[in-house]
Amino acid sequence: MATINPFFRKIVLFGLALLGLAWLTEKALDFGLAHNYDFKPSLVVAGHTRPDALFLGNSRVELMLNPAVFSQHTGLSAYNLGFNGSSLIQQLALLNLWLRHNPAPKYLFVEVSPENLQHSDLGFFSIHFLQDLHAPPFEDLVRRYDPRLLTLSRIPLLKYSLYNQVLVGDALVGLFRWLTGREQTLQYPGGYDPTPFVDFDETFDNYRQQHPGGIVMALDTGRVHKLGQLFRFARSKGIQVVAYEAPTLGQMLRLHRNRPAMEAVIDSVCRAEAVPFLPVDTTYLCPDRRYFFNANHLNAQGTDLFSKRLAERVRDRLIK
Amino acid sequence: MLFNSLDFLIFFPTVVVLHFLLPHRWRWLLLLLASCYFYMAFVPAYIVILGLTIVVDYFAGLWIEKAQGERRRWLLIISLISNLGILAFFKYLGFFTENIAELLKAINLPYAAALATAAANKVFVGVLTFFGQRGVSSYTEAMSILPIGLSFHTFQAMSYTIEVYRGNQKAERHFGIYALYVMFFPQLVAGPIERPQNVLHQFHEKKTFDATRALDGLRWIYWGLFKKMVIADRLSQFVDPVFNDPNPQKYGALATASATVAFAIQIYCDFSGYSDVAIGTAKVMGYRLIENFRRPYLATNIQAFWSRWHISLSTWFRDYVYIPLGGNRVSRGRRYFNLAIVFLVSGLWHGAAWTYLAWGALHTVFNLVTVALRESGRVRLPERWWANALGVVVTFGLVSFAWIFFRAHSIHDALTLVRTLGTWRGWDVEWDSLEYWTLRTGDPRPPYRMIFSGIGLALLGLGDYLIETKKDRLSGPTLRVLRPALYAAMVVFFLLFAMFDDNKQFIYFQF
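About the criteria used
Residues numbered from 1 in each chain as written. Chains lettered and ligands numbered in written order. Predicted model: local features only at pLDDT ≥ 70, side-chain atom pairs only at ≥ 80, totals over all residues. Heavy atoms only, no water. Helix = DSSP H or I, 4+ residues; strand = E, 2+ residues; numbered from the N terminus. Domains from an automatic or database assignment. Contact = heavy atoms within 4.5 Å. Buried area = accessible area lost by both parts, 1.4 Å probe. Salt bridge = Lys/Arg side-chain N within 4 Å of Asp/Glu carboxyl O. Polar contact = N/O pair within 3.5 Å; in protein donor to acceptor, adjacent residues only side chain to side chain. Nonpolar A, V, L, I, M, F, W, Y, C, P; charged D, E, K, R; others polar. Expected span 1.5 Å × (residues − 1). Bend = angle between axes of the 7 residues up to and from the residue. Buried < 20%, exposed > 50% of the residue type's maximum accessible area, 1.4 Å probe, protein only. Arc of directions from axis to C-beta.

Caption draft 1: Spotlight on unusual backbone geometry. The linkage connecting P136(A) with the following residue, P137(A), adopts the cis geometry, with an omega of 0°. Mapped onto the secondary structure, P137(A) falls in the loop between β3 (107-111) and α6 (138-145). Phi angles above zero are rare outside glycine, and A274(A) is one such case at about 55°. Within the secondary structure layout, A274(A) lies in the loop between α13 (259-272) and β5 (277-278). Not every positive phi belongs to a glycine, and R295(B) is a case in point at roughly 45°. Along the chain, R295(B) turns up in the loop between α11 (253-284) and α12 (302-306).

Right under this line is the structure:
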């Protein structure tokens, strides 16, 4: 018994020290994350940008739309709010986050490809709503798709621990920038981070080998409904919505046996919601592997060319 | 159950509390049940195999002790065959069948090859189905679901019967305590491979709770998990792309060399991290396990490396293979042959693949050259710091080079990596390739996380070292404040930089 009491005293002291230090560290990291404006949600929450055009989508926006090139050819300021793996649920939530902290942009560009309407993993990233975790509708969404985060966020530091792979690095970048007075210096202005990958990799050839007879994409009606919901929500806020399809390698387009039928679904949703749709121009970039680093993603050179092409189509057809 | 899992975080404190609450006479039962639960968290049915070897070795030990002359020897042989038979079946049947089939094909006997493969598949799939592993159609598919840590507990069980045979250890009468010797959960699946003289008597001794010892055990656990989850698992993000897809166009000499060094550090942190957690876990409950690593990468020659790396296995091979083969008391040629046997068998112990054999063969060459040079007296370095530093660098280089074969998926992959290492395409290309490699991890730039974690690690390590070595010079109140503050900082650091990934098993589990 004589040794147990000092042991428990030590445990209690240690617990208190741990709790205090964890709380302090969490506050420092919260501050750092909020001041790293290359972490797109922080920029959205800070309300530091007022673009005319906002781009939403997954990696086919994040890596494949250069807002500087787009602005140069349209005269519209633009921000790329694309996230790798982002689903339509995530995109709707991001638009909500944007409107909560910023005025509505004039245009909303949504990248829509048949791949977005397939059955696939969800693609909801709760960490993007960390700074508004307990605000509606984010709390409900996080409770539904990532309840672990809501539970752990009640204990100091554990939300960072759970996603330390992403959050800690970004929070430290913000903290160091703030300490050195460089918080407004953005590494990726406009939200665009050009991909470092240049050469076409082997994934498509492996994929084609595995599917010599081509593939049939499975339509997810829930996603079709969500697309319409996104369009309606944006329009209800007075935003002019434009849907477009980014380039895919031509050989991949031909591998999809029901691609025309899926594109017809997109077209019908756009018509129903009165949203102009700019389908992919299969004769431009798509035939040439030099502009892609895999079948679904352009490299930086391809991205600049596509951003210019999209800007020209927007300028000629939509901007009055 | 993995040490780096949430389950273990609940399991371990529960076992510790119950261990000290229960009267001494029931503790063996608690530890045995806990060990069964720990093992069954992987594939429950495999406990039958473990149980079988325990029963055989328990009775073998008792009978060997009583028997005399030839009978004694035969009992040992039966025990060894039963242990090695299980190991051979589960671990080596596929490898040997595959190679025999290739050989039969090469001598134009394709039907015999197909027959051998089909027979091996039928037996293997039948046995795995018996153990509830359905959906497996061949032994190649089954390699990932073999009994976990089989080589470790088999070697530990064998050391018991051998020591009883040699008269160095009394046969254990208590079946439960003998079972616990084989199954003690801290070291059940990845060692250290214990000797009966070190562990068995500890299960008979009454353990009382000692706060200082428990805290020391927790420190071992912390640093072990730290090595695994902060260093090894992070490094795997850099190592895996290069070794899983050796492609000289993507990863040039600089990237491949960096990945090789990263793997050398990864495997050390992964395996020694496991051993540290095992030692710490046992220590909290009052049991002592042997040290398994002693700063191996600071060894100044390859022989010194092997006296510091996986010590429990090296000494096992020394005591039960090298010395029985004649040890140092035989002719030079025979000694070299014995040494080669030890390293080749050690390679095969790690896995049934040509890559492990190649790794063992490389270490055979390194060791033989070292011994030959020393005995010839031609190379004699002065006892100076620079000579030691040179020795450390060369030894680390050789060991890292051999790790290429250990980590590669095939000999072809390993040779591709070696060829890449020898092809320098100019600084610009190599630098681009290095950048491409580092960007695969998706870390934000600038890499403050790496910089901060490096500095943090150095500070925490230094703080822990200073407090533990200078504690006698610090006043009581200072120590009472410093220690919890440092440990709290260590936990915070761990929470921020460890990888909490359920799929990150320890590398040595597969052996």
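Caption draft 2: Structural view of the domain arrangement of chain B. Residue and element names in this part refer to chain B. Taken domain by domain, chain B holds domain 1 (6-204) and domain 2 (299-401). If you average the C-alpha positions of domain 1 and of domain 2, the two centres end up 28 Å apart. At the junction of the two partners, domain 1 supplies 16 residues and domain 2 supplies 17 residues. In total, about 1,500 Å² of surface goes out of reach between domain 1 and domain 2, with carbon and sulfur atoms giving 65% of it. It is F95, F155 and R195 that lose the most area in domain 1 upon contact with domain 2, and together they represent 39% of the buried surface on that side. Taken together, the links from domain 1 to domain 2 amount to 1 salt bridge. There are 9 residue pairs in polar contact (both at pLDDT 80 or more) connecting domain 1 and domain 2. At the level of secondary structure, the elements contributing two or more residues to the side of domain 1 that touches domain 2 comprise α4 (69-106) and α7 (150-166). Broken down by element, the residue count for the side of domain 1 that touches domain 2 peaks at 8 residues, all from α7. A per-class count over the side of domain 1 that touches domain 2 returns 9 nonpolar, 3 polar and 4 charged.

Caption draft 3: View of α4(B). Residue and element names in this part refer to chain B. Across its 38 residues, α4 extends only 46 Å between first and last C-alpha, which sits more than 12% below the 56 Å expected from 1.5 Å per residue. At Y92, α4 is deflected by roughly 60°, the largest bend along its length. Of the residues trailing α4, N108 is marked for its positive phi of about 65°.

Caption draft 4: Representation of the interface of chain A and chain B. Residue-level contacts link 33 residues of chain A with 32 residues of chain B. Around 2,800 Å² of area is buried between chain A and chain B when both sides are counted, 69% of it from carbon and sulfur atoms. Across the chain A-chain B interface, the total number found is 0 salt bridges. Remark: the boundary between chain A and chain B carries 6 residue pairs in polar contact (both at pLDDT 80 or more). When contributions to the side of chain A that touches chain B are tallied by element, the ones reaching two or more residues are α1 (4-34), α8 (158-162) and α9 (164-179) of chain A. No other element matches α1(A), which puts 12 residues into the side of chain A that touches chain B.

Caption draft 5: Structural view of the environment of L21(A). By the element assignment, L21(A) lies in helix α1. Take L21(A): its relative accessible area is 28%, and that puts it in the partly exposed class. For the pair formed by L21(A) and G191(A), sequence separation is 170 residues and the distance between their alpha carbons is 34 Å. Sequence-distant contacts of L21(A), defined by excluding residues within four places in its chain, comprise A488(B), A489(B) and V492(B).

Caption draft 6: Representation of helix α5 (residues 110-130) of chain B. All names here are of chain B. Taking 1.5 Å of rise per residue, the 21 residues of α5 would be expected to cover 30 Å, and the 30 Å separating its terminal C-alpha atoms lies within 8% of that figure. Three or more residues of α5 are buried, namely A113, A120, N121, F124, V125 and L128. Looking straight down α5, one finds that the buried residues subtend no more than 125° of arc, so they occupy a single side. Among the exposed residues of α5, those oriented more than 90 degrees off its buried face are Y111, L115, K122 and F130.

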